[in-house]
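# Survey of secondary and tertiary structure
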Amino acid sequence: AMKLHNISCEVIDLRTLLPWDANTIIQSVKKTGRLIITHEAPRTGGFAAEISSTIQEECFLSLEAPIQRVCGYDTPFPLVFEKLYMPDQLKILEAIKDTVYY
């Protein structure tokens, strides 16, 4: 994102889901004002909803754009279409641009 659009990003890779490192994400959101969450599971009922809810509660006044979730679709899919189903760099880049230019 930085080369083409002059955008700098912080990437946080959560190593565990329970407990998850909320403090690191909270510090990042307070610094950047933005949050994009991505995972391969479906959007509905995925862990991104838990992260989004917590960050919304803790950082509402620091957010400069809505929290974005880049996840799998809420539908069963044949493995032959896995590339279309999974979040990829293009879907994440679009979310980054939408968030930065909100």
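Now for a description of the structure that goes with this document. Quick caveat: nothing in here was measured; it's all calculated off a predicted structure.

### Brief notes about the overall build of the protein chain
Within the protein chain, the regular secondary structure consists of five helices and two strands. What you see for the protein chain is a C-alpha radius of gyration of 14 Å, in line with the 13 Å of a compact globule of 102 residues. Projecting the C-alpha coordinates of the protein chain onto the three principal axes gives extents of approximately 40 × 35 × 20 Å. Carbon and sulfur atoms form 56% of the exposed surface of the protein chain, whose accessible area is close to 7300 Å². In the protein chain, the 10 positive side-chain charges and the 13 negative ones have mean positions that sit 6 Å from each other.

### Structural notes on a nonpolar patch on the surface
The grouping of Val-80, Phe-81 and Leu-84 at the surface amounts to a nonpolar patch, some 340 Å² of accessible area in total. Relative to the helices and strands, Val-80 is located in the loop between strand S2 (68-72) and helix H4 (82-85). The exposure class of Val-80 is exposed, given its relative accessible area of 68%.

### Describing the packing of helix H2 (residues 22-32) against helix H3 (residues 47-59)
Helix-helix packing is described using two parameters, namely the angle between the two axes and the distance between the axes. One can describe the packing of H2 onto H3 by two numbers: an axis separation of 10 Å at closest approach and a directional angle of 55°. Accordingly, the angle class assigned to the pair H2 and H3 is oblique. At the point where H2 passes H3, the crossing takes the right-handed sense. Contact residues: H2 offers Ile-25, Ile-26, Val-29 and Lys-30, while H3 offers Ile-51, Ile-55, Glu-58 and Cys-59. When its residues are assigned to classes, the contact of H2 with H3 shows six nonpolar, no polar and two charged.

### Regarding H2
Restricting attention to buried positions, one finds in H2 the residues Ala-22, Ile-25, Ile-26, Ser-28 and Val-29. Buried residues in H2, looked at end-on, bunch into an arc of 165°, giving them a common side. Turned more than 90 degrees away from the buried face of H2 sit Asn-23, Gln-27, Lys-30 and Lys-31, all of them exposed. Its buried side turned inward, H2 meets H3. Looking one or two residues beyond H2, the residue adopting positive phi is Gly-33, at roughly 80°.

### Side note on the pattern of salt bridges
In this structure the tally under the stated criterion is four salt bridges. Notably, a salt bridge pairs Asp-13 with Arg-15, separated by 3.8 Å at the nearest N-O pair. No difference in accessibility class separates Asp-13 from Arg-15, as the two residues are exposed. Among the salt bridges present, the one from Lys-97 reaches Glu-94, with a minimum N-O distance of 3.0 Å. Here Glu-94 and Lys-97 lie together in helix H5 (residues 89-100), a separation of three residues that amounts to about one turn.

Definitions and cut-offs
Residues numbered from 1 in each chain as written. Predicted model: local features only at pLDDT ≥ 70, side-chain atom pairs only at ≥ 80, totals over all residues. Heavy atoms only, no water. Helix = DSSP H or I, 4+ residues; strand = E, 2+ residues; numbered from the N terminus. Rg over C-alpha atoms; globule rule 2.2 N^0.38 Å. Areas by Shrake-Rupley, 256 points an atom, 1.4 Å probe, with all protein chains shown as cover. Lys, Arg positive; Asp, Glu negative; His and termini not counted. Charge placed at Lys NZ, Arg CZ, Asp CG, Glu CD. Patch = residues over 30% accessible without salt bridge, like charges linked within 9 Å, V, L, I, M, F, W, Y side chains within 5 Å. Salt bridge = Lys/Arg side-chain N within 4 Å of Asp/Glu carboxyl O. Buried < 20%, exposed > 50% of the residue type's maximum accessible area, 1.4 Å probe, protein only. Axes fitted to C-alpha atoms, helices over the stretch in contact; angles between N-to-C directions. Parallel < 35°, antiparallel > 145°, perpendicular 65-115°, else oblique. Left-handed = near helix turned anticlockwise from the far one by under 90°. Contact = heavy atoms within 4.5 Å. Nonpolar A, V, L, I, M, F, W, Y, C, P; charged D, E, K, R; others polar. Arc of directions from axis to C-beta.

The analysis is restricted to geometry; functional conclusions fall outside its scope.
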